[in-house]
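The chain contents come next:
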Amino acid sequence: MSTEFVKLVSCDGFEYILKKEIACVSGTIKTMLEDAKFAEAQNNECHFPEIRSDLLEKVCDYMHYNFTYKNQTDVPDFDIPPEMVLELLVASAYLDV
Amino acid sequence: MSRSRVRGPSSALREFLRSHGITVDGNGRPGLSRSRTTSTASNVESTAEDNDEERSEGVDSENGTSSLQQDNSLAENDESSNALSTRTRKLTKRQLKNKKRQEAMAFEEQENDDEAVQGRTGHSYRNRPTPGNLDFCPKCNCRFTVTPYSKYSEEYKGWLCFPCTRDLNTPDSKPIARKRRALNRKKKAAAVMDEELNVPRLQELCIRVVAKYINDIEALGDIGQVNMDKICQIISKNRSLTDTTLPLFLTAQQVELKLYDCSKLSNTSLLNIAQYCPHLTRLHLVYCGQMREDTLRFYADHFTELQDVYIGGAFLVDAQSWSYFFEKRGAQLKRLYISDTARLTVNAVNSLVDHCQNLQVLSLERIFSMNNEHVRLLAGLKHLTSLSITNPGSSVEDSSVLDVLNQIGSGLTTLCLANCSLLTDKVLLEGIGPCCGRLKHLDLTGLELLTEDSTANMFAGWTIQTGLETLHLCRCIYLGDKTVHAVLANSGNTLRVLDLNGLSYVTRAALKYLSGFKCPKLETLDVSWIRDMNDEIICDFESTTPSLKKVLVWGDNHVLVNSQKFLLIGREVQ
């Protein structure tokens, strides 16, 4: 796999493939991939055994949203369904996103 | 002439013609009369007697109006009318009304003939369609009442109902686009003011949603203290912190609790805080107006580990309870902030000084009973590093402040005397200058009695260990250039925050000097309401002071251009 893309794996086995610069919107992922000594950096893969697939998917959506609208003024709202908001808060706190 | 209701003499011939719906105007030219034909036709349909009467009535009225005329034809009319009038003098009400209607119609019709092309056509109920004025809109096919305001549409060949008229008239794109643009501009201005220019973080977005649904949430789960605090801030701002939502933020192991708006929390809830979280070391309660004496006493008994207390707005708590609290917990208190109560008496302050000997930070804001006596007592707090006396209601004068500064001034790193408006230069020259050598943060907001020369002298002669980091001279209105020079000479290299709000006597020269000084650490600069501030100086700041992050220019109407290097707040947006 080229170094442009990284793979994020959730606890239930779902894999999400994103561009590296978009994934690095998340501070945690950025740190994981920066240091060459980490296995994640060597394989371009990050595993998250505590994060469910639907939450990870929403985080990926957010990272794309953030990357697209960075430094723009007329930004549309990012929709978060209230059922997952608390768990998403925990996940986003962990991922520093 | 043709509009007046006065009719000239008319012959029997004219009368005859009129009864057949043919009018003849003053020039002898025959005219059309659609409406007349209908009405006269209807007349024809009515009884013959009526017709006779109408005709005679017409004659009668004409005679009435023409009685002023001195004409030969009049005589002949008189004869004929006299003959008729004897028969028909008596009229029923209905006939009177009919006659009036006919006359009105004739008048109207003449008017319409003259002004057929002008806009007033069809604006009376007269020319409206069907009886009862109900019609079907040709566009949307709804049944509606035609009014003088309904528009006639050429396109649809009919009267339009109100909604269709509205759609037809208003050009849709313009007002909506204008509204959206205004809304966007407002949003952008608000964003700049709140300094949220980038896309908000996912945590922020989640917290906003949580705050919206806070009443439906049963437990917050393991989200960390920082996020919990953020949620608390947001729901406090929304005024959603109530007795029901409070338990979400109380856990048994908590050591810190900050509630930013307790106005909706009842006394019992406030009491329960101590029961749910007994191990608190830091407790900040803002606007806790419902707190009563028993709650404070309960806190005194139960919070065994409390070190940092902020109680704002507990105006119902009496002085004895404060004394009790200080007696019980004073020894362990390190930081104490009390605001917005008039019940801190001299006895209570005495108790504070006696028992809270380990106090490092003391802030007494808006204590309306505060006066010289209170302040003098504070000199007893030997370990104080930060003292703040803000907005005291009564008189706090130089003498008491000097007493305090003389005794503990050398240990102070933060001193705030904002809005103690009776203080004069003496405090600076005999207090701060000689005594406060370790000061890093100084706030002299609102001290209007300070004069330029004395302040400049004080700063010039002040030996400070490291130099001030923050200096607020907001609204010390008589300070000017000399002060600015002296301040920079003293602490220019260490200043991070400089507040010159309202110093309108500061001139361009001084501002240029400020930008030319190249303060290496200056991050926030407030130059609001300084008339001489302009775009050129902003440019200078951009190039000479790279550390600058925020500049406030409220009321500076010569500052027009936005800055790319730092945040410029308070411009008059054009």
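Residues numbered from 1 in each chain as written. Chains lettered and ligands numbered in written order. Predicted model: local features only at pLDDT ≥ 70, side-chain atom pairs only at ≥ 80, totals over all residues. Heavy atoms only, no water.

- By the naming in an unreviewed UniProt entry, chain B is Rad7 Rhp7, taken from Schizosaccharomyces japonicus.

- Going by what an unreviewed UniProt entry lists, chain A is known as Elongin-C and is assigned to Schizosaccharomyces japonicus.
- Quoted verbatim from the Sequence similarities (unreviewed entry) field of the UniProt record, the comment on chain A reads "Belongs to the SKP1 family." (UniProt positions renumbered as here; feature names shortened; annotations may be inferred.)

Overview of the overall build of chain A
Then, in step 1: A count of helical and extended segments in chain A gives 5 helices and 3 strands.
Then, in step 2: Along chain A, helices (α) and strands (β) appear in the sequence β-β-α-α-α-β-α-α when read from the amino end.
Then, in step 3: Across the 97 residues that make up chain A, the buried fraction comes to 41%.
Then, in step 4: Intrachain contacts of chain A at a sequence separation of at least 6 include 58% that bridge at least 24 residues.
Then, in step 5: For chain A, the exposed surface amounts to about 5,300 Å²; the carbon and sulfur share of it is 50%. (Helix = DSSP H or I, 4+ residues; strand = E, 2+ residues; numbered from the N terminus. Buried < 20%, exposed > 50% of the residue type's maximum accessible area, 1.4 Å probe, protein only. Contact = heavy atoms within 4.5 Å. Areas by Shrake-Rupley, 256 points an atom, 1.4 Å probe, with all protein chains shown as cover.)

With respect to the interface of chain A and chain B
Then, in step 1: If you look at the interface, chain A gives 22 residues, while chain B gives 22 residues.
Then, in step 2: Of the roughly 1,800 Å² buried where chain A meets chain B, counting both sides, 70% is carbon and sulfur surface.
Then, in step 3: Area buried by chain A at its contact with chain B is led by Tyr62(A), Leu86(A) and Leu89(A), which between them contribute 30% of it.
Then, in step 4: Scanning the region where chain A abuts chain B turns up 1 salt bridge.
Then, in step 5: Summed over the shared surface of chain A and chain B, the result is 5 residue pairs in polar contact (both at pLDDT 80 or more).
Then, in step 6: Looking at the side of chain A that touches chain B, the element that brings in the most residues is helix H5 (residues 85-95) of chain A, giving 7 residues. (Buried area = accessible area lost by both parts, 1.4 Å probe. Salt bridge = Lys/Arg side-chain N within 4 Å of Asp/Glu carboxyl O. Polar contact = N/O pair within 3.5 Å; in protein donor to acceptor, adjacent residues only side chain to side chain.)

Let's talk about unusual backbone geometry
Residue and element names in this part refer to chain B.
Then, in step 1: Although it is not a glycine, Asn391 adopts a positive phi angle of roughly 45°.
Then, in step 2: Residue placement: Asn391 occurs in the loop between strand S12 (386-390) and helix H15 (398-408).
Then, in step 3: For Trp529, which is not glycine, the phi torsion reads 60° and is therefore positive.
Then, in step 4: Mapping Trp529 onto the fold places it in the loop between strand S17 (524-526) and helix H20 (535-544).

Observations concerning the pairing of strand S8 (residues 282-285) of chain B
Residue and element names in this part refer to chain B.
Then, in step 1: Where strand S7 (residues 256-259) meets S8, 4 bridges bridge the pair, whose relative direction is parallel. By the bridge assignment, Leu257 is partnered in S8 with Leu283.
Then, in step 2: Read from S7 through helix H10 (residues 267-276) to S8, the crossover connection turns out right-handed.
Then, in step 3: Inspection of the sheet shows S8 paired to strand S9 (residues 308-312) by 4 bridges, in the parallel sense. Within the sheet, the bridge partner assigned to Leu283 lies in S9 and is Val309.
Then, in step 4: For the crossover from S8 across helix H11 (residues 293-302) to S9, the handedness is right-handed. (Pairing = 2+ DSSP bridges. Right-handed = clockwise from strand over helix to strand, strands pointing away.)

Section: H20(B)
All names here are of chain B.
Then, in step 1: Residues of H20 that are buried include every one of Ile537, Ile538, Phe541, Glu542 and Thr544, and no others.
Then, in step 2: Residues of H20 that are buried sit in contact with helix H19 (508-517), S17, strand S18 (550-552) and strand S19 (567-569).
Then, in step 3: The opening residue of H20 is Asn534, an N-cap whose side-chain oxygen sits 3.2 Å from the backbone nitrogen of Glu536.

Some details on the environment of Phe326(B)
Residues and elements named next belong to chain B.
Then, in step 1: Structurally, Phe326 is set in helix H12 (residues 319-329).
Then, in step 2: Given a relative accessible area of 0%, Phe326 falls into the buried group.
Then, in step 3: Beyond its immediate stretch of four places on either side in the chain, Phe326 contacts Leu336, Ile338, Ala348, Ser351, Leu352, His355 and Cys356.

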